[in-house]
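# Examining the three-dimensional arrangement
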Amino acid sequence: MKIKNICCIGAGYVGGPTMSVLAIQNPDIKITVVDINEERIKAWNDKDLNGLPIYEPGLKEIVQKARGQNLFFSTDVEKAIDEAEMIFISVNTPTKTYGKGKGMAADLKYIELCARQIAKVATTDKIVIEKSTLPVRTAQAIKNILDNTGNGIKFQILSNPEFLAEGTAVQDLLNPDRVLIGGEESDEGKEAIDALVDIYASWIPRERILTTNVWSSELSKLVANAFLAQRVSSINAISELCEVTGADVDEVSRAIGMDSRIGPKFLKASVGFGGSCFQKDILNLVYIAKTYGLNEVADYWEQVIIMNDHQKNRFAENIVSTLYNTVSGKKITFLGWAFKKDTNDTRESAAIYVADALLNEQAEICVYDPKVSQERIYADLDYLNTRSPEENRRLVKVVKDPYEACQEAHAIAILTEWDEFKEYDWKRIFDSVIKPAFVFDGRKILNKTTLNKMGFEYYAIGS
Ligand code: NAD
Ligand code: UDX
């Protein structure tokens, strides 16, 4: 089966970049990315491309090439569903904030809405693809909805989780370690799998396209994120031990990472992992394990989150205790707000929680981030509901110049590992801050010896 028309529901951090790359690699397939968020679609259609809703290195160039050729962004969800032979569901699956499983389970209401809308609109057979990260066995629920409310047409459901990381999305999509496709073992299932394999095979070597049953594919996505986050929590646990023993966490990472069985990646100690995926997906895994009565399995993975929360808290506590046990009325400068470099995404960023803890101590925070907007920063703090929006705006200032941000600060905290922070004139910054001059490096990116020589008191995670 040769696919000619694809629809992707959800124009977010996954749907947008994934479909853009799919489009440039398959110029003969028409791809329409749809979303109910009109503002987001408008931004994807931004004429001069500077207003795209997502910042990712290399994305603008790809969108420029494909948009209007075979890539389209639209709010007409029903039309796109009707025309497509293959539909990717790439909507958000956040942690539930209400009812059963609150704070743990994945909220599948957007997924169900998509399934119902497909069932209502479709008049020809469709391959429906789970691109969103979902609890294992969700395909069963989607199938039930499609088969029972549909118009008698045939649906095949595939699981095709996305492994891109933000900040490197385009590179990850162009050159993935693997693509995973799970499908039914029937003849129709195999045919659907082949149709999707063919699309990826236009740029990815076949041996890197892995096919499995649906449940393995759904579960593998949760497990991959749990393993990655576990490595970060493991090294962060060791960072605390390094701080009290005189060991240096970067040296430990290097020493253990050179063991080919361990490997060097995902061993960088930090103020704590953030991002929309790790916490949500581990909580989801923990919830699934609990649902099956596997309490030891659930507790084992929950510890990854507990350690991460501890890391964020102790970073904030260290700032307070080092500043003579009070930050009340003191200006603390945050360099970085995004959850990692090279993205404007702030979901679950450690910066939000460190800021919240310091604001509870009546600190005044001044933020500089090269890609995150002032509105986003206030929205992140307001969402916590710890204090009123007015108070957040009174206590937190956002500025566009890093030197202005640091002026007259009692302490500077580095929350994101943006490369430009390493290039700053730190002598100039030293001259402009209140003495003693404190730097708390939550990413361990600056050079301790150089900063000490300038006169800074420098504290980094893990040393
Ligand atoms: P996102 O919030 O950026 O985008 C989701 C979009 O779906 C939103 O724009 C929303 O308006 C839209 N949407 C929701 N319901 C809709 C409906 N019924 N019809 C049309 N549009 C609808 O989310 P994201 O970061 O792109 O993540 C999407 C999924 O991919 C999640 O399941 C996530 O876990 C998974 N994932 C994310 C990443 C990542 O790095 N962000 C990586 C791998 C997997
Ligand atoms: C993650 C997965 O890597 C990706 O495969 C999945 O599809 C989505 O979730 P993402 O959250 O975009 O991607 O970024 P990632 O590079 O994994 O970083 C997550 C968090 O961990 C960031 O806050 C990052 O700063 C932190 N991190 C990562 C560390 O603190 N140390 C490390 O060594 C690696």
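Residues numbered from 1 in each chain as written. Chains lettered and ligands numbered in written order. Predicted model: local features only at pLDDT ≥ 70, side-chain atom pairs only at ≥ 80, totals over all residues. Heavy atoms only, no water.

With respect to the helices and strands, the residue Thr212 is situated in strand β8 (residues 209–212). The exposure class assigned to Thr212 is partly exposed, which follows from its relative accessible area of 25%. In the structure, Thr212 is positioned 81 residues away from Lys131 in sequence and 15 Å away in space, judged by C-alpha atoms. Those residues within four positions of Thr212 in sequence are excluded, and the remaining contacts are Leu180, Ile181, Gly182, Gly183 and Ser217. (Helix = DSSP H or I, 4+ residues; strand = E, 2+ residues; numbered from the N terminus. Buried < 20%, exposed > 50% of the residue type's maximum accessible area, 1.4 Å probe, protein only. Contact = heavy atoms within 4.5 Å.)

The next thing to look at is the pairing of strand β10 (residues 364–368). Of all the five residues making up β10, four are buried; the element is thus mostly covered by neighbouring parts of the structure. As paired strands, strand β9 (residues 331–335) and β10 are joined by five bridges and run parallel to one another. Paired with Lys331 across the strands is Glu364, a residue of β10. Between the parallel elements β9 and β10, the chain passes through helix α13 (residues 350–360) in a crossover that is right-handed. (Pairing = 2+ DSSP bridges. Right-handed = clockwise from strand over helix to strand, strands pointing away.)

Time to look at the pattern of salt bridges. This model, assessed by the stated rule, comprises 26 salt bridges. Here Lys143 and Asp147 are joined by a salt bridge, their closest N and O atoms 2.9 Å apart. Residue Lys143 and its partner Asp147 are located together in helix α6 (residues 138–149), separated by four residues, close to a single helical turn. Relative accessible area serves as the criterion here: at 24%, Lys143 is assigned to the partly exposed category. Between Arg314 and Glu240 there is a salt bridge, with the nearest N and O atoms lying 3.8 Å from each other. Linking Arg314 in helix α12 (residues 295–322) with Glu240 in helix α9 (residues 214–245), this pair joins segments that are 74 residues apart in sequence. The class of Arg314 is buried, set by a relative accessible area of 11%. Using a relative accessible area of 29% as the deciding quantity, one classes Glu240 as partly exposed. (Salt bridge = Lys/Arg side-chain N within 4 Å of Asp/Glu carboxyl O.)

For the rest of this paragraph, the subject is α9. With 32 residues, α9 should cover 46 Å at 1.5 Å per step; its first-to-last C-alpha distance of 47 Å lies within 8% of that length. In the structure, α9 departs most strongly from a straight axis at Ser220, where the bend amounts to approximately 25°. In this structure Asn213 caps α9, since a side-chain oxygen of it lies 3.0 Å from the backbone nitrogen of Trp215. In the segment just after α9, Gly246 is the residue with positive phi, at about 90°. (Expected span 1.5 Å × (residues − 1). Bend = angle between axes of the 7 residues up to and from the residue. Polar contact = N/O pair within 3.5 Å; in protein donor to acceptor, adjacent residues only side chain to side chain.)

This paragraph deals with unusual backbone geometry. In this structure, the amide linkage connecting Lys435 to the following residue, Pro436, adopts the cis form with an omega of -5°. You can see Pro436 is positioned in the loop between α18 (426–432) and β13 (438–441). For Tyr324, which is not a glycine, the phi torsion comes out positive at approximately 60°. Relative to the helices and strands, Tyr324 resides in the loop between α12 and β9. One non-glycine residue, Asn325, lies in the positive phi region at around 65°. On the secondary structure map, Asn325 appears in the loop between α12 and β9.

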